[in-house]
Amino acid sequence: MFLVVFRNRKRADLDAAAYAVDADAMAALARAQPGFLGFKSYAAEDGEVITLSEWADEASARAWGRQAEHARVQGRGRAEYYESYTLFACDQPRVHRFGQHAAT
């Protein structure tokens, strides 16, 4: 698995409707990419957002980063949507799982 963490803060003057359209389009496009496993976003009370995306491997995640429409929307994000962001990428993350299963 290859894990990408996108930590961001939106601009105060953000066009929320335009952002929502682009975010929905990028989510659909990502789901169609080879190697895509899933993603979830979390928003903190202070406005920071963290999105976790999981990919089968580093090549799949990098291909997503180079996808033409995604690259275009990334540019729009820097110009119009984000005050700041940090991207973290990790191959072979150490994974620990826990889950309680109901008795049968």
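Residues numbered from 1 in each chain as written. Predicted model: local features only at pLDDT ≥ 70, side-chain atom pairs only at ≥ 80, totals over all residues. Heavy atoms only, no water.

Draft legend 1. A look at the packing of helix α1 (residues 16-31) against helix α3 (residues 68-81). Interhelical geometry of α1 versus α3 gives an angle of 150 degrees and a closest axis separation of 11 Å. Judged on the interaxial angle alone, α3 and α1 are roughly antiparallel. Our pair here, α1 against α3, has a crossing hand that is left-handed. The residues of α3 that touch α1, namely those facing A18, Y19, D22, M26 and L29, are E69, H70, R72, V73, R76 and Y81. Class assignment for the residues of the contact of α1 with α3 results in six nonpolar, one polar and four charged. (Axes fitted to C-alpha atoms, helices over the stretch in contact; angles between N-to-C directions. Helix = DSSP H or I, 4+ residues; strand = E, 2+ residues; numbered from the N terminus. Parallel < 35°, antiparallel > 145°, perpendicular 65-115°, else oblique. Left-handed = near helix turned anticlockwise from the far one by under 90°. Contact = heavy atoms within 4.5 Å. Nonpolar A, V, L, I, M, F, W, Y, C, P; charged D, E, K, R; others polar.)

Draft legend 2. Highlighting a nonpolar patch on the surface. On the surface, M1, L37 and V95 cluster together into a nonpolar patch covering about 260 Å² of accessible area. Checked against the element boundaries, M1 lands in the segment before β1 (2-10). (Patch = residues over 30% accessible without salt bridge, like charges linked within 9 Å, V, L, I, M, F, W, Y side chains within 5 Å. Areas by Shrake-Rupley, 256 points an atom, 1.4 Å probe, with all protein chains shown as cover. Salt bridge = Lys/Arg side-chain N within 4 Å of Asp/Glu carboxyl O.)

Draft legend 3. View of the pattern of salt bridges. Under the counting rule described, the total for this entry stands at seven salt bridges. D13 is paired through a salt bridge with R11; the nearest N and O atoms lie 2.8 Å apart. A relative accessible area of 28% means that R11 is categorised as partly exposed. (Buried < 20%, exposed > 50% of the residue type's maximum accessible area, 1.4 Å probe, protein only.)

Draft legend 4. Region of interest: helix α2 (residues 58-66). Those residues of α2 lying buried are S60, A61 and W64. Each buried residue of α2 lies within a common arc of 100 degrees when the element is viewed along its axis, so the set occupies one face. Seen from the open side of α2, the exposed residues pointing more than 90 degrees away from its buried face are A59, R62 and R66. Those residues of α2 that are buried lie in contact with β1, α1, β3 (49-55) and α3. (Arc of directions from axis to C-beta.)

Draft legend 5. Focus on the layout of surface pockets. Approximately 930 Å³ is the volume found for the largest pocket. Along its surface, the largest pocket is lined by 34 residues, and F6, W64, H70, Q74 and L87 are the ones closest to its centre. At the level of elements, β1, α1, β2 (36-43), β3, α2, α3 and β4 (82-91) are the ones that each hand at least two residues to the lining of the largest pocket. The biggest single contributor to the lining of the largest pocket is α1, with seven residues. In the lining of the largest pocket, the residues fall into 20 nonpolar, eight polar and six charged. (1 Å grid on protein atoms, 1.4 Å probe; cavity = no way out; pocket = protein on both sides within 12 Å on 5 of 7 lines; lining within 4 Å. Points joined across faces, edges and corners; volume = space filled by probe spheres on them.)

Nothing here speaks to function; it is geometry throughout.
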